[in-house]
Amino acid sequence: MIHLEDIAESILQGKPLLPLLKDSSENGIFNALSDLGMADIEIQAVLEELLLNAREHGQNKNIMIYMGCHVGWFFAVIRDQGPGIHMTLPKNPRLADTKGKSAAALIRLAVEEGITGTGTVGRGIGLHILSELVSSRRAESLVISDGGLFVQVGDVFLERYARIPTDGTLVAIKVEIQK
């Protein structure tokens, strides 16, 4: 069984266990999902929202998307090399409770609906809909930003330091393939 953290670490070490998409656009995601036989609208919507997050918060810096299937599981990773959640989230003028929080705690806060580093109304749903998908299915997610690591398995959450920190943000998902 491949673990999500192993996949994330393989990407951070430059030896990815998943293939890199050549086209890191919405069409690239759609085509890769089609090629993998994943006609799952919910997964596509989550990945497109995470791509939008990477573009907006990662400042379009070197966005990479990896996808693949292995033994009944679908895996996807979106990585940007922007400033990271710990830098963007405190810029939201409506958030007063970010000072002194660990990087992992800030990631956990960013998972809440409507919490965004932009302060823009209507944003702040990418990590939240990912969390909802993980809660509703046999799935896992992992977010690494500024050395913080946040893992969700079903309705269980874990915050800790990442073994391998990254510039920007890395978001990974593992979902059981439904037949």
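Let me sum up the structure you'll find in this document. All values reported here derive from a predicted model rather than from experimental measurement.

Each value, and the rule that gives it
- Residues numbered from 1 in each chain as written.
- Predicted model: local features only at pLDDT ≥ 70, side-chain atom pairs only at ≥ 80, totals over all residues.
- Heavy atoms only, no water.
- Pairing = 2+ DSSP bridges.
- Helix = DSSP H or I, 4+ residues; strand = E, 2+ residues; numbered from the N terminus.
- Axes fitted to C-alpha atoms, helices over the stretch in contact; angles between N-to-C directions.
- Buried < 20%, exposed > 50% of the residue type's maximum accessible area, 1.4 Å probe, protein only.
- Parallel < 35°, antiparallel > 145°, perpendicular 65-115°, else oblique.
- Left-handed = near helix turned anticlockwise from the far one by under 90°.
- Contact = heavy atoms within 4.5 Å.
- Nonpolar A, V, L, I, M, F, W, Y, C, P; charged D, E, K, R; others polar.

1. Side note on the sheet that holds strand β2 (residues 73-80)
Here's step 1: Reading across the sheet, the six strands line up as β1-β2-β6-β3-β4-β5 and stay open at both edges, with antiparallel pairing between neighbours. The strands lining the two open edges of the sheet, one partner per strand, are β1 (64-70) and β5 (156-161). Ignoring strand direction, the axes of neighbouring strands in this sheet form an average angle of 10°.
Here's step 2: The pairing of strand β3 (residues 139-145) with strand β4 (residues 148-153) spans six bridges and is antiparallel. Residue pairing across strands places S141 opposite Q152, the latter belonging to β4.

2. Thoughts on the pairing of β3
Here's step 1: Within β3, six of the seven residues are buried, leaving the element largely enclosed by the surrounding structure.
Here's step 2: Bridging between β3 and strand β6 (residues 169-176) involves seven bridges; their strand directions are antiparallel. In the sheet register, I144 faces β6, and the bridge partner there is L170.
Here's step 3: What sits between the antiparallel neighbours β3 and β4 is a turn of two residues, in which D146 has the positive phi angle 50°.

3. What about the environment of L52?
Here's step 1: With respect to the secondary-structure elements, L52 resides in helix α3 (residues 41-57).
Here's step 2: Placed 74 residues apart in sequence, L52 and G126 show a C-alpha to C-alpha distance of 8.0 Å.

4. With respect to the pairing of β4
Here's step 1: Of all six residues in β4, five are buried; the element is thus mostly enclosed.
Here's step 2: Taken together, the six bridges between β4 and β5 define a ladder with antiparallel strand orientation. Note on β5: the bridge partner recorded for Q152 is F157.
Here's step 3: Counting the residues between successive antiparallel strands, the hairpin from β4 to β5 contains two residues, one of them, G154, with a positive phi of roughly 60°.

5. Topic: the packing of α3 against helix α6 (residues 126-136)
Here's step 1: Close contact between α3 and α6 brings their axes to 8 Å; oriented N to C, the two are set at 150°. Judged by the angle between their axes, α3 and α6 are roughly antiparallel. Viewed along their axes, α3 and α6 form a crossing whose handedness is left-handed. On α6, the residues touching E42, I43, A45, V46, E49, L50 and N53 of α3 are G126, L127, I129, L130, L133 and S136.
Here's step 2: Split by residue class, the contact of α3 with α6 holds eight nonpolar, three polar and two charged.

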